[in-house]
Each structure stands twice: as C-alpha cells, then as structure tokens.
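What follows is each chain in one-letter form.
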Amino acid sequence: AQKITQTQPGMFVQEKEAVTLDCTYDTSDPSYGLFWYKQPSSGEMIFLIYQGSYDQQNATEGRYSLNFQKARKSANLVISASQLGDSAMYFCAMREANTNAGKSTFGDGTTLTVKP
Amino acid sequence: DAMVIQNPRYQVTQFGKPVTLSCSQTLNHNVMYWYQQKSSQAPKLLFHYYDKDFNNEADTPDNFQSRRPNTSFCFLDIRSPGLGDAAMYLCATSRDKGTNEKLFFGSGTQLSVL
C-alpha cells in the first residue's frame, strides 16, 4: 500500500477562492509528522506547513491550514484566497518515528493552477 | 541567508561519462539527503547521511554513490549515467531525524544525458 496518497493529479481554482488539496496516509506508527511542500516550476521545494500526530489543533500558517482528521488518516491542505503565485505542484509528505526513521515519504503530488 | 546550494543548476553529460553533482549547506544540519525526481513525479530518496552515517535505499542502483566529506558538503556521483538517469536531483537537509523535522531543499540540478 502507498504510504501517502494524493488522488488529485491536477486542480484548478479561481483567483481569490479557497482550494483543498487532498492527502491520505497509511502508517501503524503512533508517532509521525505530516508536511506539505510547494514546488514551483523553478524546481525548489518549499516547506509550507507541519502537523504532528499528537497535535490536537489543526496547523495554520498564514493562508495555509491543514485539515487533520486522524481517524480517517487524512491531512488535507487548505489554501485560502488563492493567488496566481500559488500555481505550483504540491506534495504531501510523512515522517515516521520508527518505520523509515529519519526519512520523508512523499505523495505523487497535485498540480494546482490558479486562474485569473 | 543560510541555505542549501546545489551546483550546477543544469548539467549535461554523455552516456557512460561519470558526473558529480554537489550540494553545500550553511545550516549546520546533521542530515543530508539526495532525491531523484523525474518529471512531475514524487521525489525518490536515493540515500541520506546522518552525520557521517551513510544510509542507502535498497532500490538505489549501484551506479549511484555519495560522499559527505564534512558537515557542509555532500556529493552525488553517477559512475556511468544512462538515459534513464536524466532527472532533477534534489539535495535536502534536516536539522535532525525527528518526525517534526522539515526538509530544506536546494534548487536542484537538472541532469541531461546525451
């Protein structure tokens, strides 16, 4: 089974609207971290947001929030008020405490296009 | 600014001709990673160093080697590049191995094999 599943290869959103990018994960490790990264066409991956498995509150970073539903093993990224500069590929990733310790496992990514 | 720097940005090599990609970091991070990323796919971990400890992924071809002579530098050597090795190579660092450690990436080296 894939560790990280992103089911949306591509998404479109109108500028200034909100968009949700889906991510589900699979682990039996009780301690893990979930991350979202942005990769513009220039290639450099940029960290956006982090959620720990024991965190009670959903993480927020500016216009980014992570909708963490632990029982469903989902960690969706919500981008509010989309901007043209948000057009990029977005990757969900996980780090586990025991299995694959010290490594990040990535999903296949979602390409987001923001339309003016 | 502290950062992860990869050189060169673009590298062209010939089929079978050894090539070395370099990565340096000013973050003083313990862990350095090399990822291979083919067009619009997930980055694939090739290997990582925790300090001087080298960790190879089971499916990383023997054609790929790495060196980390000191904390700041890490090199990826491809001994005999094939056409299938054309890809973006991303270097990343993390402060430590914990589950809360985010990755800091360089801008990548795009490798072409002719």
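Structure first, text after, so check above.
None of these values were measured; they are calculated from a predicted model.

**Observations concerning the nonpolar core**
Here is step 1: Tyr25(A), Trp36(A), Ile49(A), Leu77(A), Tyr90(A) and Leu112(A) are the most contacted members of the largest nonpolar core, which has 24 residues in total.
Here is step 2: Within the residue set of this core, elements represented by two or more residues are β3 (19-21), β5 (32-39), β6 (46-52), β8 (64-69), β9 (74-79), β10 (88-96) and β12 (110-115) of chain A.
Here is step 3: Residues contacting Leu112(A), with those up to four places away along its chain left out, are Met11(A), Val13(A), Val19(A), Leu21(A), Ile79(A), Asp86(A), Ser87(A), Ala88(A) and Tyr90(A).
Here is step 4: Within the second largest apolar cluster, 18 residues are counted, among which are Phe47(B), Tyr49(B), Phe64(B) and Ala87(B).

**What to know about the interface of chain A and chain B**
Here is step 1: Of the residues lining the interface, 24 residues belong to chain A; the matching set on chain B comes to 25 residues.
Here is step 2: Taken together, both faces of the contact between chain A and chain B bury some 1,800 Å²; the carbon and sulfur share is 56%.
Here is step 3: Ranking the residues of chain A by area buried against chain B places Met45(A), Arg95(A) and Lys103(A) at the top, with a combined share of 27%.
Here is step 4: Summed over the shared surface of chain A and chain B, the number is 1 salt bridge.
Here is step 5: Two residues, Glu57(B) and Lys103(A), come together in a salt bridge whose shortest N-O distance is 2.8 Å.
Here is step 6: Among the elements of the structure, β5, β6 and β10 of chain A are those that each provide at least two residues to the side of chain A that touches chain B.

**Description of the sheet that holds strand β1 (residues 4-7) of chain B**
Residues and elements named next belong to chain B.
Here is step 1: Spatial strand order, β1-β3-β8-β7: 4 strands in an open sheet with antiparallel pairing. Both outer strands of the open sheet, β1 and β7 (64-67), are each paired with one neighbouring strand and no more. Strand-to-strand twist across the sheet, computed as the mean angle between neighbouring axes with direction ignored, equals 20°.
Here is step 2: Across 4 bridges, the pairing between β7 and strand β8 (residues 73-78) is antiparallel. Considered in β8, the bridge of Arg67 is made with Phe75.

**Here we look at the state of the cysteines**
All names here are of chain B.
Here is step 1: Counted by the stated rule, this structure contains 2 disulfides over all chains.
Here is step 2: Across the disulfide from Cys23 sits Cys91; the S-S distance is 1.9 Å. Here the disulfide of Cys23 and Cys91 is left-handed, its torsion about the S-S bond being about -70°. Taken together, the residues span a long stretch of sequence, with Cys23 in strand β3 (residues 19-25) and Cys91 in strand β9 (residues 87-94) at a distance of 68 residues.

Definitions and limits used
- Residues numbered from 1 in each chain as written.
- Chains lettered and ligands numbered in written order.
- Predicted model: local features only at pLDDT ≥ 70, side-chain atom pairs only at ≥ 80, totals over all residues.
- Heavy atoms only, no water.
- Core = buried A, V, L, I, M, F, W, Y, C linked by side-chain atoms within 4.5 Å.
- Buried < 20%, exposed > 50% of the residue type's maximum accessible area, 1.4 Å probe, protein only.
- Helix = DSSP H or I, 4+ residues; strand = E, 2+ residues; numbered from the N terminus.
- Contact = heavy atoms within 4.5 Å.
- Buried area = accessible area lost by both parts, 1.4 Å probe.
- Salt bridge = Lys/Arg side-chain N within 4 Å of Asp/Glu carboxyl O.
- Pairing = 2+ DSSP bridges.
- Axes fitted to C-alpha atoms, helices over the stretch in contact; angles between N-to-C directions.
- Disulfide = S-S within 2.5 Å.

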